[in-house]
Amino acid sequence: MSGWIWCLLLPLLLLICNSQTQVENQVVLLPGIFQNVNVSLNESVQATVSRIPPEVAFIILQFHTLHHNATLSYTRFPGAGLFVNAVDVGLLSLLLPGQASLSLFLSSPTGDSFSSTGVILPYSSMDPVPGGCNIEFNLEVDPNIHLHYNLYETTISFAPANLGFVRGGPPPSCDTITGANSRWRLQYDVYQYFLPENDLSERSLFSGIQAVADPRGMMLRGKLIQTLSSADVTRVMFNSVPGQGVIYSVIVRDPVRNTSASYVPVHTYACSFKSRLDNCQIQGKISTKIFFTITGVAGLLVCFLGHRFFKCELFCMGFSFTALFFFVLITRFNSLEYDITLTLSAVIGAVGGVLLVMSWWRFGSVMSCIVVVGLMLGFMVASIVMFTPLGDLDLFRQSNTVFWVTFCCVMFTVPLFFVRWPREGNITTCGVVGAYAVLLAVNSYNYTSLSFITLNILKRFINTNYSNVFTNVSLQTFDYIMMTVWVVLAISGIVLQLIRERSRPFFPPSPYLMWLQERERRKTNVLDPSHHFPPLHNRLMARVRQLTRRVEPAGEHTPLLL
C-alpha cells in the first residue's frame, strides 16, 4: 500500500521541485537598466520583462559575455528560427495590443556556466525596426550584427531594417522600392568603440557595453566610421587588431520621422580565448618575440651607431628590405606555417644583408647602397602617411591602383633627397628606422597600435581584398608614450651621429678599392720604401733562418777567424 502512495507522491514532488527551480532561475529586467546574470551548469535562466508601457511597440533584449557562447531563445527549449547563439545575443519582440509582459530564455549551448550582462531597450512605433526585413539569417526579425574575423580583417554584416509600426498592425512591405514611405529611406550609421588597451577583463567589456548599448551612448562615445544607405550592401570590413577589444554597433535612422534604433552591439578581440598556442592572453608567438627582440637590439645600435659602423648598418638595412619582401612573397603564394615563413624570411634576409655589404665592399658605390637605405626611409614615411585618416579615404579604399601609386610616389620621392645630402639622409634613416625597430620589439611583449603603421601595409600586400578594410586604430595612453619614445630616440640618434661625424669623411672608403689603390701605388712608385721590400715569401724564409740560427748548439758554431 505504501508503495502505491509513493508512486502517487513522487510526480507531485518532482513538479514542486521543478517549479521551485524555475522560480530560482528567473530574472526580472527593467527597461534601460543593465543587470548581470550568471548562468550555472546545465541551467536555463528565464528573463522576464513586466509592466511594459502601452506606447512601446517592440523591445530588444540583449545579453553579452566575454568569450562564452550564449543561447537566447523565445521558448524554453530552443527551436529552429527561434533562438540565436553567440557571445553577443539579442532578440526583438514585437508586442501585441494590451501585452504588458514577456519572457525569454538564456542558456549555455554546452551546459557550462558563464556570466553575462543584459538589458532591455524599448522602442516606440515611430522607431525603425532593426533587422525587420531579414532574408539572409535564421530569425524572422534579426537585430543582431554578425561578426567574422581572421588575421587580416574583421567583417560585420546585418539584416536591413524596416519602418516602425503600431502594435498588432501589419508591418510595412519590405519589397516596396519607391515612395517616401518605404524602408529605402532608412540610413545606417556604423560605429566603432575601442576598449582600453591590454585589458581583456570581463569588467572592462561590461563597462564598455553598458556605455554604448543604446543609440545615444554610442553616438556620444563611439566613432562614426561610415553611413550606409538602404541601397548599399549591409557589410563593412575593418582591420583586425589581435588583443585589442573593439565594440561595433549599427544605428538605423529614419530621417523623415527623426528617430533611430540600435542593433545589438558586438565585440571582438580578433583572437581566441581558448586556443593554447595563440591565446589572447599571450601577446604573440615565442618566435615573434625572439625575432623582434633581436631586431629591437639591432635597431637601437643602428639608431646611435649606424653611420659609424657603416657595414653593420648596410647589413641591417639589407636584411630588413629582403626579409620584408620575401615574407610578403612567401605568405601570399604559399600556405606555410607562420614560424616556417618567419624563419625562411630571416634566412633570406641575412643573405640579402650580406650581398648588400659585399656589393659595397667590392664596387664601392655608396649611392647604390644609399638607394636601398633611402627606400627603407621612404617606406616608413609612406606608411606613416597611410596610417593617418588619409589612408581611410574612399579614394584609396575603392581603388588599389590609386593607393599603390600614391604610396610608391611618396616612397620613391624620399631617396631623391639623398642625392644632395647623402650623409644626412643616411643618418636620418638610421634614427627613424632604428627607433621604430625598438617599438616593434616592445610590441611583441606589450601591444601598441603603432605597430600597425607597417602592419597595415603588409596586410594590404598579402591580402588582395584588404582595400575595403577600415584601417583606423585607437591611440591610447600607452601609444602616446611609445610615440614619445620613438621621437626621442630618433632625434637623439640623429643629433648624436651628426655631431660625431661632422669632422669625418662622408662615408668610409671601400676596403677592396683601397687595397687595389695600394697595390697600384706600390707597383708604380719606386721612391716608396715599400716598393723595395722583398716579397712576402722571401721575408718569411729569412725570418725562419734567423730564428734557426738562434737556437743552434754552441759546439756547431763556425769558429771565428783570428
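The structure under discussion appears in the preceding block.
Residues numbered from 1 in each chain as written. Predicted model: local features only at pLDDT ≥ 70, side-chain atom pairs only at ≥ 80, totals over all residues. Heavy atoms only, no water.

Draft legend 1. Region of interest: the overall build of the chain. Along the backbone of the chain there are 15 helices and 18 strands. For the chain, with 562 residues in total, the buried portion stands at 46%. Put simply, 77% of the contacts in the chain that link residues at least 6 apart link residues at least 24 apart. Within the structure as shown, the chain displays about 29300 Å² of accessible surface, and the carbon and sulfur contribution to it stands at 65%. (Helix = DSSP H or I, 4+ residues; strand = E, 2+ residues; numbered from the N terminus. Buried < 20%, exposed > 50% of the residue type's maximum accessible area, 1.4 Å probe, protein only. Contact = heavy atoms within 4.5 Å. Areas by Shrake-Rupley, 256 points an atom, 1.4 Å probe, with all protein chains shown as cover.)

Draft legend 2. Up close: the environment of Val 264. One can find Val 264 in the loop between strand E16 (259-262) and strand E17 (266-268). A relative accessible area of 0% means that Val 264 is categorised as buried. For the pair Val 264 and Leu 91, spaced 173 residues apart in the sequence, the C-alpha separation amounts to 8.7 Å. If near-sequence neighbours (up to four positions away) are discounted, Val 264 is found in contact with Ile 60, Gln 62, His 64, Val 89, Gly 90, Pro 143, Asn 144 and Ile 145.

Draft legend 3. Geometry of the packing of aromatic side chains. Applying the stated criterion across every chain, the model contains 17 aromatic pairs. A ring pair is formed by Phe 58 and Tyr 123, whose centres lie 5.3 Å apart and whose planes are at 20 degrees; its orientation type is stacked. Separated by 65 residues along the polypeptide, Phe 58 in strand E4 (residues 56-64) and Tyr 123 in strand E9 (residues 114-124) bring together distant segments of the chain. The class for Phe 58 is buried, based on a relative accessible area of 2%. One cation-aromatic arrangement involves Arg 183 over Trp 184; the distance from NZ or CZ to the ring centre is 4.1 Å. Sitting over the ring of Phe 403, Arg 460 keeps its end group 3.7 Å from the ring centre. (Phe/Tyr/Trp six-rings, centres within 6.5 Å; stacked < 30°, edge-to-face > 60°. Lys NZ or Arg CZ within 6 Å of the ring centre and 35° of its normal.)

Draft legend 4. Fine view of the pattern of salt bridges. Applying the stated rule across the entire model yields seven salt bridges. The partner of Glu 136 in a salt bridge is Arg 235, with the nearest N and O atoms 3.9 Å apart. Here Glu 136, found in the loop between E9 and strand E10 (145-149), pairs with Arg 235, found in strand E14 (residues 235-239); they are 99 residues apart in sequence, far enough to count as distant. The closest approach of N and O atoms between Asp 254 and Arg 257, which form a salt bridge, is 4.0 Å. For Asp 254, a relative accessible area of 2% puts it in the buried group. Given the relative accessible area of 28%, Arg 257 is considered partly exposed. Connected through shared salt-bridge partners, Arg 185, Asp 254 and Arg 257 make up one network. (Salt bridge = Lys/Arg side-chain N within 4 Å of Asp/Glu carboxyl O.)

Draft legend 5. Local environment of the side chain of Glu 153. Along the polypeptide, Glu 153 turns up in strand E11 (residues 153-158). Buried Glu 153, no salt bridge; nearest opposite-charge side chain is Lys 459, N-O distance 7.9 Å. If we ignore the near neighbours within four places in the chain, the residues touching Glu 153 are His 148, Met 237, Phe 238, Ser 240, Asn 463, Tyr 466 and Val 469. (Lys, Arg positive; Asp, Glu negative; His and termini not counted.)

Draft legend 6. Quick peek at the side chain of Asp 189. Relative to the helices and strands, Asp 189 resides in strand E12 (residues 187-194). When its relative accessible area of 5% is taken as the criterion, Asp 189 is described as buried. Only 2.9 Å separates the side chain of Asp 189 from the side chain of Thr 227, close enough to count as a polar contact. Beyond its immediate sequence surroundings of up to four residues, Asp 189 is in contact with Leu 224, Gln 226, Thr 227, Ser 249, Val 250, Ile 251 and Arg 253. (Polar contact = N/O pair within 3.5 Å; in protein donor to acceptor, adjacent residues only side chain to side chain.)

Draft legend 7. Representation of helix H11 (residues 422-443) in the model. Helix length check: H11 (22 residues) gives 31 Å between terminal C-alpha atoms against 32 Å at 1.5 Å per residue, within 8%. Most of H11 is tucked away, with 19 of its 22 residues classed as buried. (Expected span 1.5 Å × (residues − 1).)

Draft legend 8. View of the sheet that holds E14. What the four strands build is an open sheet, ordered E10-E11-E14-E18; its pairing is mixed. On the outer flanks of this sheet lie E10 and strand E18 (469-470), each paired with one strand and no other. Bridge analysis of E11 against E14 gives five bridges, and the strand direction is antiparallel. Across the sheet, the residue bridging to Ile 156 is Val 236, located in E14. (Pairing = 2+ DSSP bridges.)

Draft legend 9. Quick peek at the sheet that holds strand E5 (residues 70-73). Strand order across the open sheet formed by five strands is E1-E3-E8-E5-E6, with mixed pairing between neighbours. The strands lining the two open edges of the sheet, one partner per strand, are strand E1 (26-29) and strand E6 (83-86). Across the sheet, the mean angle separating the axes of adjacent strands is 25 degrees when strand polarity is ignored. In this sheet, strand E8 (residues 102-107) lies alongside E5 in antiparallel orientation, the contact comprising three bridges. Within E8, the residue paired with Ser 73 across the bridge is Phe 105. (Axes fitted to C-alpha atoms, helices over the stretch in contact; angles between N-to-C directions.)

Draft legend 10. Helix H12 (residues 452-462), seen in detail. In terms of residue burial, H12 counts as a mostly covered element, since nine of its eleven residues are buried. Taken residue by residue, H12 has Phe 452, Ile 453, Thr 454, Asn 456, Ile 457, Leu 458, Lys 459, Arg 460 and Ile 462 as its buried positions.

Draft legend 11. Representation of the state of the cysteines within the structure. In this structure the tally under the stated criterion is one disulfide. Take Cys 312: it sits in no disulfide, and the sulfur closest to it among the cysteines is that of Cys 316, at 6.8 Å. In this structure Cys 409 is not part of a disulfide, and its nearest cysteine sulfur, from Cys 408, lies 7.2 Å away. Overall, Cys 409 belongs to the partly exposed group, its relative accessible area being 46%. (Disulfide = S-S within 2.5 Å.)

Draft legend 12. Spotlight on the pairing of E1. Along E1, the buried face is formed by Val 27 and Leu 29; none of Gln 26 and Val 28, which line the opposite face, is buried. Looking at chain direction, E1 and strand E3 (residues 44-49) are connected through four bridges and run parallel. Paired with Gln 26 across the bridge in E3 is Gln 46.

Draft legend 13. Looking closely at the nonpolar core. The biggest cluster of nonpolar side chains holds 38 residues, and the ones touching the most others in it are Leu 314, Tyr 436 and Trp 486. Listing elements by their share of this core, those giving two or more residues are helix H4 (286-305), helix H5 (310-333), helix H6 (338-363), helix H7 (366-387), H11, H12 and helix H13 (477-501). With nine residues, the single largest contributor to this core is H7. Among residues more than four places away in sequence, those in contact with Trp 486 are Met 380, Ile 384, Val 432, Ala 435, Tyr 436, Leu 439 and Ile 453. Core analysis: the next-biggest nonpolar cluster, separate from the first, contains 32 residues, Tyr 123, Phe 158, Val 190 and Val 250 among them. (Core = buried A, V, L, I, M, F, W, Y, C linked by side-chain atoms within 4.5 Å.)

Draft legend 14. Inspection of unusual backbone geometry at higher detail. Of note, the phi angle at Asn 258 is positive, near 60 degrees, even though the residue is not glycine. Here Asn 258 shows up in the loop between strand E15 (246-254) and E16. Overall, Asn 258 belongs to the exposed group, its relative accessible area being 70%. Even without being glycine, Ala 270 reaches a positive phi, approximately 55 degrees. Looking at the element boundaries, Ala 270 is found in the loop between E17 and H4. Look at Ala 270 and you get buried, because its relative accessible area is 10%.

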